[in-house]
Amino acid sequence: MKIDILTLFPESFKPFEESIISRARKKGVLDLNIIDIRSFTLDKHKKCDDAPFGGGAGMLMQVQPVYDAVKSVLKKNSKVVYPSPSGRVFNYNMAKELAKEKHLIFICGHYEGIDERLIDIFNAQEISIGDYVLTGGEIPTMAIVDALARFVPGVISEDSLSEESFSDGLLEYPQYTRPQVFEGRSVPEVLLRGNHQEIAKFRHAESLKKTKKNRPDLLKGVQDEN
Ligand code: ADE
């Protein structure tokens, strides 16, 4: 999959030079490019912001550099994403769907955002990562790209995707590793006995317990088996 990220702050994407995403880039399963919007400005002072028509607080990103930056990478099969607090709230299934695309272009907004006509022209999908406002689109883009990349074949093992939070509508069960006793707390007995049926039953019950406590909204419409 190819992903182009358009930003005024290319240095913000250093985390993608580490760990799983970096390995996927080296393997060639993720072709991830960070593109500096400022390199497209025609302004001799490299200015990229402008005042909004109608007044109001803050500045918008200038239309021309963003438009030209998108045009420089846009192909027939590209999907443009604009992370914004006004978008549909991102979730597991949206990550899975985005991972099926051939080419994604992310526009990282800054200041008060971008001119609405850019969203219309490129039919951009607006995505929010939650009901709060961040200072720019770089962190949301990173969160969305990281989450969808996990579903791109070859990025992580299939096994890692099969029993994780949200994969079956519940939060993941708690996990334990060595030592068996830590700070006086023991690992649940059932995990040490090697009875896989019992372990599966225990884990499902723990998943339900955690979901009820932290995310009761996920259980709406789900048959409570216990
Ligand atoms: N930009 C600023 N805040 C955001 C949010 N909550 N989601 C996506 N993009 C944003």
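Reading the values: rules and limits
- Residue positions are given per chain, counting from 1 as you read along its sequence in written order.
- Selection of residues for local features in this predicted model requires a pLDDT of at least 70, selection of side-chain atom pairs for listing and counting requires 80 or more, and totals for whole chains, interfaces and linings are taken over all residues.
- Working from all heavy atoms in the structure, the side-chain values ignore hydrogens and water.
- Any two strands with at least two DSSP bridges between them are considered paired.
- Strands are runs of DSSP state E lasting at least 2 residues, helices are runs of H or I lasting at least 4, and numbering of each runs from the N terminus.
- The handedness of a crossover follows from its direction of travel: if, with the strands pointing away from the viewer, the path from the first strand over the helix to the second runs clockwise, the crossover is right-handed.
- An axis is simply a line fitted to the C-alpha atoms; with a helix, the fit covers only the stretch in contact. Between two such axes, the angle follows the N-to-C directions and lies from 0 to 180 degrees.
- Residues are counted as near a molecule or strand when any one of their heavy atoms sits within 4 Å of it.
- As used in this structure description, the phrase polar contact means that two N or O atoms lie within 3.5 Å; if the pair is within protein, one of them must be able to donate a hydrogen and the other to accept it, and residues adjacent in sequence are counted only when both atoms belong to side chains.
- Only the protein chains shown count as cover for residues, and all accessible areas are computed by the Shrake-Rupley method using a 1.4 Å probe.
- Think of it as three bins: nonpolar holds Ala, Val, Leu, Ile, Met, Phe, Trp, Tyr, Cys and Pro, charged holds Asp, Glu, Lys and Arg, and polar takes everything else, Gly as well.
- In this entry, domain limits derive from an automatic or database-based domain assignment.
- Classification of ring pairs uses Phe, Tyr and Trp, with its six-membered ring standing for Trp, and accepts pairs whose centres are within 6.5 Å; under 30 degrees between planes counts as stacked, over 60 as edge-to-face, and the remaining range as tilted.
- Categorising residues by exposure relies on relative accessible area from a 1.4 Å probe, with only protein chains included: less than 20% of the type maximum marks a residue as buried, more than 50% marks it as exposed, and the intermediate range marks it as partly exposed.
- The patches described consist of residues with a relative accessible area above 30% and no salt bridge, like charges being joined within 9 Å and nonpolar side chains (Val, Leu, Ile, Met, Phe, Trp, Tyr) within 5 Å.
- Salt bridges are counted wherever a side-chain nitrogen of Lys or Arg sits within 4 Å of a carboxyl oxygen of Asp or Glu.
- For this analysis, residues touch if any pair of their heavy atoms sits within 4.5 Å.
- One less than the number of residues in a helix, times 1.5 Å, gives the span that helix is expected to have.

## Brief notes about the pairing of strand β5 (residues 78-89)
Two elements, β5 and strand β6 (residues 103-107), share four bridges in a ladder whose sense is parallel. From the neighbouring strand, V80 faces β6, where its bridge partner is I105. In this fold, the crossover linking β5 to β6 by way of helix α3 (residues 92-98) has right-handed handedness. Relative to strand β7 (residues 125-128), β5 runs parallel, the two sharing five bridges. Paired with V89 across the strands is S128, a residue of β7.

## Focus: the sheet that holds β6
Strand order in the open sheet formed by five strands is β2-β1-β6-β5-β7, and the pairing between neighbours is parallel. The open sheet has two edge strands, β2 (31-36) and β7, and neither has a second partner. Averaged over all neighbouring strand pairs, the angle between strand axes comes to 30 degrees, with direction disregarded. As paired elements, strand β1 (residues 2-7) and β2 share six bridges and run parallel to each other. Residue pairing for β2: D4 is matched across the bridge by N33.

## Things to note about the site of the ligand
In the vicinity of the ligand, the contacting residues are P83, S84, P85, I127, S128, I129, G130, Y132, V133, L134, G136 and P140. S84 is positioned with one of its backbone polar atoms (N or O) 3.1 Å from a nitrogen atom of the ligand. Interatomic distance of 2.9 Å between a backbone N/O atom of L134 and a nitrogen atom of the ligand. Alone, the ligand offers 260 Å² of accessible surface; in the complex the protein occludes 96% of this. At the level of secondary structure, the elements contributing two or more residues to the shell around the ligand comprise β5 and β7. It is β5 that contributes the most residues to the shell around the ligand, three residues altogether. Here the shell around the ligand is composed, by residue class, of eight nonpolar, four polar and no charged.

## Some remarks on unusual backbone geometry
With an omega of 5 degrees, the peptide bond running from R178 to P179 counts as cis. The backbone of F166 shows a phi angle near 80 degrees, a positive value even though the residue is not glycine. Locating F166 in the fold gives a position in the loop between α6 (158-162) and β8 (181-182). Positive phi, close to 50 degrees, is recorded for E183, a residue that is not glycine. You can see E183 is positioned in the loop between β8 and β9 (185-186).

## Description of the domain arrangement of the protein chain
The assigned domain composition of the protein chain is domain 1 (2-157) and domain 2 (163-225). If you average the C-alpha positions of domain 1 and of domain 2, the two centres end up 35 Å apart.

## Some details on the packing of aromatic side chains
Evaluation of the coordinates by the stated rule reveals four aromatic pairs. Aromatic pair F13 and F16: ring centres 6.1 Å apart, planes at 40 degrees, arrangement tilted. Using a relative accessible area of 3% as the deciding quantity, one classes F16 as buried.

## Notes on a nonpolar patch on the surface
Residues Y132, L134 and I139 make up a contiguous nonpolar surface patch of about 300 Å² in total accessible area. Along the polypeptide, L134 turns up in the loop between β7 and α5 (138-149).

## Overview of the side chain of H103
For H103, the location among the structural elements is in strand β6. The buried category is assigned to H103, whose relative accessible area is 0%. Separated by 2.7 Å, the side chains of H103 and D4 make a polar contact. Residue contacts for H103: discarding those within four places in its chain leaves K2, D4, V73, K75, N77, S78 and K79.

## Details of helix α7 (residues 196-214)
An α-helix turns once every 3.6 residues. As a result, residues three or four positions apart point the same way. The end-to-end C-alpha distance of α7 is 26 Å, a good match for the 27 Å that 19 residues give at a rise of 1.5 Å each. Regarding α7, the residues found buried are I199, F202, E206, S207, L208 and T211. The N-terminus of α7 is capped by N195, whose side-chain oxygen sits 3.2 Å from the backbone nitrogen of Q197.

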